[in-house]
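# Geometric and topological summary
These are the residues of each chain, in order.
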Amino acid sequence: MEQRDATTKEPIDYGILAVGVLAVTYNCILAFINHNITPLASSHVALSEILLLIYSFGFLLKRGLYEEDLAPLGYLLATIFLTIYVIAVNRSGYIDHLRNVLIIFAFVIMGRWTNERTLKLIFKLCCVVVLAVLICEIVSVQAYVALFHPAEYFENTRGVPRATYSDIGLFRGALGFPSRFSFGIIDHRSSSIFLEQVSLANFCGVLVIYLVSFSNRLRSFDRLLFVFTVMLILVTNDTRTMLIFSLACLGGYFIFPWIPKICDFLMMPTIIVMGFVIHAFRPDAHDDDFVGRISGTIRNILAMDIPAALGLELEKATTFVDSGYVYITYGATIFGLILFWLFVSFFPASETPNQKRLAHSLSLFMFLNLMIGSTAIFSMKTAGLVWLLVGFLRVNEGVRGKRTAGKVGMPVSA
């Protein structure tokens, strides 16, 4: 009770609040503008992300860098070096992986400066908006399409053509197909404010991580809100990966505090080895299902050679949208993949039960997703929230609960 009272007295940081909420909602805002005000292009989407990152970096420069920021700063600098190397050897501009790490860097350090009241409000507002639009989509897909026109938005801003077999106006990936896994609640895969199904599935995973690592800090009503949203997403989005992840975290809530930190480091190789085992039994699996995605990733890993691992075949990077491990390696070299592995494994604190729950669920979420997808876990729409939570819990529980120790950089302005 004392903690709740103290939290309500904390001032809301409206700058962090705005960035946190806009990072999740900007896509649907742009979609509304695209149909109702003026047609947009891919440059407008990129500009939106750039403006959010510019504000975030301005915020960080004003606050200054501290000892707690050395690990993410080192990760960013190493990624910049790898990006310059890949661009130089390929003579081709490619900053996708650098953009991903910039998002991690910005949000994890903002999380360090975020107070509990602001963090809770960001998650709650995002959850309420996603839930409200999801209910609208379930009740009347026509009303949902009338608001956002997803197919038109992705055609204008991503160059993805509309589905020729449906004129309802949904993004073609959300339409699914008859043989795909489904609970049968609605006749397509729900997307809510994200307008496409993959980001909503990953948002569900982020909410699960938040519940696992933060539920004892939440009021009963808020816990029910998040649990209901997760369940509604799972039964309408038909996401196999997040269903498995959610069930694992349900038991993990009780088990994670007893698991040693080294297990986070072992998570990625364990999942890859399990992938090889599955591939050994189903080497010819090519369907768009869980086994097919895993088998495809292993085939792509086996097809890589030394030049690919050293970033000398950059032109192939964007062809591996369903094989995250391969996608990172082609675009940032094997060293970029190793850096990501080490950062996810060791940066999150692991002293208190909540920190351990966060660390273990984060590793499972990231490394499992990389087996069946690629860019989704790096998207600002979901990555921003999860890294904000990582930064917050790292310094607000355990021995790192002080924000003033070991300053390594002066603020740009007072």
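All values reported here derive from a predicted model rather than from experimental measurement.

Turning next to the overall build of the protein. Helix and strand content of the protein: 17 helices and zero strands. A compact globule built from 414 residues would reach a C-alpha radius of gyration of about 22 Å, and the protein, at 21 Å, matches this within 12%. Viewed in the frame of its principal axes, the protein has a C-alpha envelope of about 60 × 50 × 45 Å. Here the protein holds 414 residues, and the buried ones make up 54% of them. Within the protein, residue pairs in contact and separated by at least 24 positions form 76% of the contacts whose partners lie at least 6 positions apart. When the accessible area of the protein is evaluated, it comes to approximately 17,800 Å², of which 68% is carbon and sulfur surface. The average position of the 32 basic charges and that of the 29 acidic charges among the side chains of the protein differ by 7 Å.

The relation between two aromatic rings is expressed through the spacing of the ring centres and the mutual angle of the planes. Counted according to the given criterion, the structure contains 20 aromatic pairs. Judged by centre distance (5.1 Å) and plane angle (75°), the ring pair of Y210 and F226 falls under edge-to-face. Taken as a pair, Y210 in helix 9 (residues 197-214) and F226 in helix 10 (residues 220-237) lie far apart in primary sequence, 16 residues in all. Chaining the aromatic ring pairs together yields one cluster made of F123, Y210, F214, F226 and F392.

The rules behind these values
Residues numbered from 1 in each chain as written. Predicted model: local features only at pLDDT ≥ 70, side-chain atom pairs only at ≥ 80, totals over all residues. Heavy atoms only, no water. Helix = DSSP H or I, 4+ residues; strand = E, 2+ residues; numbered from the N terminus. Rg over C-alpha atoms; globule rule 2.2 N^0.38 Å. Buried < 20%, exposed > 50% of the residue type's maximum accessible area, 1.4 Å probe, protein only. Contact = heavy atoms within 4.5 Å. Areas by Shrake-Rupley, 256 points an atom, 1.4 Å probe, with all protein chains shown as cover. Lys, Arg positive; Asp, Glu negative; His and termini not counted. Charge placed at Lys NZ, Arg CZ, Asp CG, Glu CD. Phe/Tyr/Trp six-rings, centres within 6.5 Å; stacked < 30°, edge-to-face > 60°.

So far we have only geometry, and geometry alone does not tell us how the molecule works.
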